Each structure stands twice: as structure tokens, then as C-alpha cells.
Amino acid sequence: MAHTRSILGSAFIALVTLAPLAGPAAAQGRWDWDGGRDDDRRAYQLTGGGVALLVPELRETRRGKAFVLRNFDFDHNGRINPREARAANEAFLAEAGVERGRFDWDRRHNDGGYGAGRDGADRGDRFERGRRGDRQWNRDGMRDYRMRDGRYGAVFSLDDVLFQTGSATLRPGAAERLEPLADYLDANPSVRIRIDGFTDSVGSDASNLTLSRNRARAVSGALRTLGVDPGRMQMFGHGEASPVASNGTPDGRRLNRRVEVSLVGQRASSFD
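Model, not experiment: these values are computed from the prediction.

K.L.:
With reference to specific residues and values, describe the pattern of salt bridges.
P.N.:
Tallied over the full model, the rule gives 13 salt bridges. For Asp186, the salt bridge identified is with Arg83, shortest N-O distance 2.5 Å. Taken together, the residues span a long stretch of sequence, with Asp186 in helix α6 (residues 179-187) and Arg83 in helix α3 (residues 82-96) at a distance of 103 residues. Judged by its relative accessible area of 12%, Arg83 falls in the buried class. For Asp140, the salt bridge is made with Arg143, and the minimal N-O distance between the two is 2.8 Å. Taken together, the residues span about one helical turn, with Asp140 and Arg143 both in helix α5 (residues 139-143) at a distance of three residues. On the accessibility criterion, Arg143 (37% relative accessible area) is partly exposed. Through salt bridges with shared partners, a single network forms among Arg83, Arg86, Asp183 and Asp186.

The following block contains the structure:
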């Protein structure tokens, strides 16, 4: 899935005065675009950790706020989390395109609108099906992780390129690498993950241990921003222990600087 997002954004805080709304209009094969008209007296106000991730046309206009709350407040709690914001952005941008600033909110979508994807599937409805336990997730994205069976379950490695050199700071856009995992975890709420950080042998034992722990925490933090419950994650740092290649070569050291993510109790073959 393509998503419009920023990992960090300024928080936008507003009171919620909206009663629970109907479920996502994707269940009927199209989105509900009617809310927020001049004759609609309902107060559409946004709050929640996902609000800052919404594109301006959704975050800052009455019609946009209504579109988000009428279609993407999946758990009907009046708050927009990061996953709900990503779904709203994807749906809106698929309809509005590059001319989104001049989008005609009153246009009817009798042809099925956003639901018709390139593969013929109803992409909008996918979010609703996943929410109801049908376990819809990005299989291609999970396959791209090249899972293998490890000590704790299916495991894959995130290499050093995701981080600023010698630090635990994620590079801009690094969270996009984690989006398929966040989608999978959202659709499979019983699955827990283990995040293990490792370094090469350059530097002191103490500094490497700290760096490995901080990198594991950084990956966990990015997943939290993507809507993953922190209670489902465990983080560990191992420093330069357990190398997978020789520390005597640059290529070997690069392979040893890694974060491993294990899906506890899962088999790698289930992602083939």
C-alpha cells in the first residue's frame, strides 16, 4: 500500500463532540462523502494520535473531517489513530489525485469510486474486513521481509541502512519499511513480536550494548507510531554478541549491524 504520512508531526488537539457514527461506507462498496455540508449540523472535530498524519484537505476542512469520522473511525471511539489516518489518506488521495486542493466534495461516486483497484479488488473494503477478523494484510510486503524460522518464530532482519550512521535515529522514511508488519499485526491482534538489536565489534562493549538497545527501541517506537500496541512488543539489545558474519570485513560488519524482528510462535512458511 502507498501511504501519505510523516512519522513525527505536531499534535493537533480538539475536543470530540461527536456521537458514534455508522461503520465505514466501504461496506457498501463506496465511501460516504456527504457529511460536513452546510446543512449538516453535526460537530465534526478530530482528536487522536493519527490526526497530525492526515493530509491538510482532511485535517483542516469541515468536509474532510466529516469524511474521516464517517468512514474511518473503525472502533467508533471518536478518536483517529495512525492506522485509521493512513486508511483515510489512501482513500481520499486515490479519488482526488494531484488536484486534491480543488476536489469536488459533492461529486457522486456511483461508479464504485475508490473501491475499484487495479486488481479488481475492493481496496477500501479491505480495511473493514481486516478490522472484523478476516485477516486481510499485505502478503507481498510481508514476503519481501524474507522471513526465516528462528529461535522464537518467523524472523527477519532490518539492516543498518535504516539508521543514521552510528546512531539509533531512524532515517526519514524508514518507517515505510515497517508498514507491512504494522498491517499484519493490526489484522492479527494475538501475534506478539520480539525486537533484538545487534552491532558490529567496533567500539566498546558498553557503547555497543547501549546502541543495540536504543535501535531496538527505535524500531518499537516507529511501530507504535504506526498503531501497534506497545504491550505486544519486547525489546532487547545484545551489543556485538551473536554476529552473523566476520567483523574483519566491511561487508561482515554491515551484516552484523542489524535489528531482528521475530513474530513469536509463527512459521516463516505461512508468509510464502
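K.L.:
Account for the environment of Leu181, with residues named and values stated.
P.N.:
Looking at the element boundaries, Leu181 is found in helix α6. Placed 42 residues apart in sequence, Leu181 and Leu223 show a C-alpha to C-alpha distance of 8.4 Å. In contact with Leu181, not counting residues within four places along its chain, are Met142, Tyr145, Phe156, Leu223, Val261 and Leu263.

K.L.:
Can you break down the nonpolar core residue by residue, with the values?
P.N.:
Counting 34 residues, the largest nonpolar core has Met142, Met147, Leu181, Leu223 and Leu263 as its most contacted members. Secondary-structure elements contributing two or more residues to this core are β2 (153-159), α6, β3 (193-198), α7 (205-225) and β5 (258-264). Apart from the residues lying within four places of it in its own chain, the contact partners of Leu223 are Leu178, Leu181, Ala182, Ile193, Ile195, Val228 and Met233. If you look at the next biggest cluster of nonpolar residues, it comprises 24 residues, including Trp33, Phe74, Ile80 and Trp105.

K.L.:
Provide a residue-level description of the packing of aromatic side chains, including the pertinent values.
P.N.:
Summed over all chains, the structure comprises 13 aromatic pairs. Each ring, one from Trp33 and one from Phe103, has its centre 5.3 Å from the other, and the planes form 45 degrees; the classification is tilted. A residue pair is termed long-range when its members are at least 10 positions apart, and Trp33 in the segment before α1 (56-59) and Phe103 in the loop between α3 and α4 (123-131) qualify at 70 residues. Residue Phe103 is classed as buried on the basis of its relative accessible area of 10%. Centre to centre, the rings of Trp33 and Trp105 are 5.9 Å apart; their planes meet at 55 degrees, and the pair counts as tilted. Here Trp105 lies in the loop between α3 and α4 and Trp33 lies in the segment before α1, a separation of 72 residues in the sequence. Trp105 shares its class with Trp33; the two are buried. Members of the aromatic cluster, joined through ring pairs, are Trp33, Phe67, Phe72, Phe74, Phe92, Phe103 and Trp105. Here the guanidinium or amino end of Arg194 rests over the ring plane of Tyr152, the centre of that ring lying 4.0 Å away.

K.L.:
Kindly report on the sheet that holds β3, identifying the contributing residues and their values.
P.N.:
Spatial ordering of the open sheet is given by β1-β2-β5-β3-β4, a layout of five strands whose pairing is mixed. Two strands lie at the open edges of the sheet, namely β1 (148-149) and β4 (233-237), each paired on one side alone. Where β3 lies against β4, five bridges are found, and the strand directions are parallel. Bridge pairing links Gly197 to Gly237 in β4. Across the sheet, α7 touches β2, β3, β4 and β5, and the angle it forms with β4 is around 160 degrees.

K.L.:
Report on the pairing of β2, specifying residues and quantitative values.
P.N.:
Most of β2 is tucked away: five of the seven residues are buried. Sheet topology places β1 next to β2; two bridges connect them, and they run antiparallel. Bridge pairing in β2 places Asp149 opposite Ala154. The antiparallel pairing of β1 with β2 creates a hairpin that spans three residues between the two strands.

K.L.:
Go over the environment of Asn214, please, and point to the residues and values.
P.N.:
As for its position among the elements, Asn214 is in helix α7. With relative accessibility at 31%, the residue Asn214 sits in the partly exposed group. A sequence separation of 17 residues divides Asn214 from Gly197, and the C-alpha atoms of the two residues are 7.9 Å apart. Reaching out from Asn214, the side chain makes a polar contact with the side chain of Arg217 at a distance of 3.0 Å.

Cut-off values and rules
- Residues numbered from 1 in each chain as written.
- Predicted model: local features only at pLDDT ≥ 70, side-chain atom pairs only at ≥ 80, totals over all residues.
- Heavy atoms only, no water.
- Salt bridge = Lys/Arg side-chain N within 4 Å of Asp/Glu carboxyl O.
- Helix = DSSP H or I, 4+ residues; strand = E, 2+ residues; numbered from the N terminus.
- Buried < 20%, exposed > 50% of the residue type's maximum accessible area, 1.4 Å probe, protein only.
- Contact = heavy atoms within 4.5 Å.
- Core = buried A, V, L, I, M, F, W, Y, C linked by side-chain atoms within 4.5 Å.
- Phe/Tyr/Trp six-rings, centres within 6.5 Å; stacked < 30°, edge-to-face > 60°.
- Lys NZ or Arg CZ within 6 Å of the ring centre and 35° of its normal.
- Pairing = 2+ DSSP bridges.
- Axes fitted to C-alpha atoms, helices over the stretch in contact; angles between N-to-C directions.
- Polar contact = N/O pair within 3.5 Å; in protein donor to acceptor, adjacent residues only side chain to side chain.

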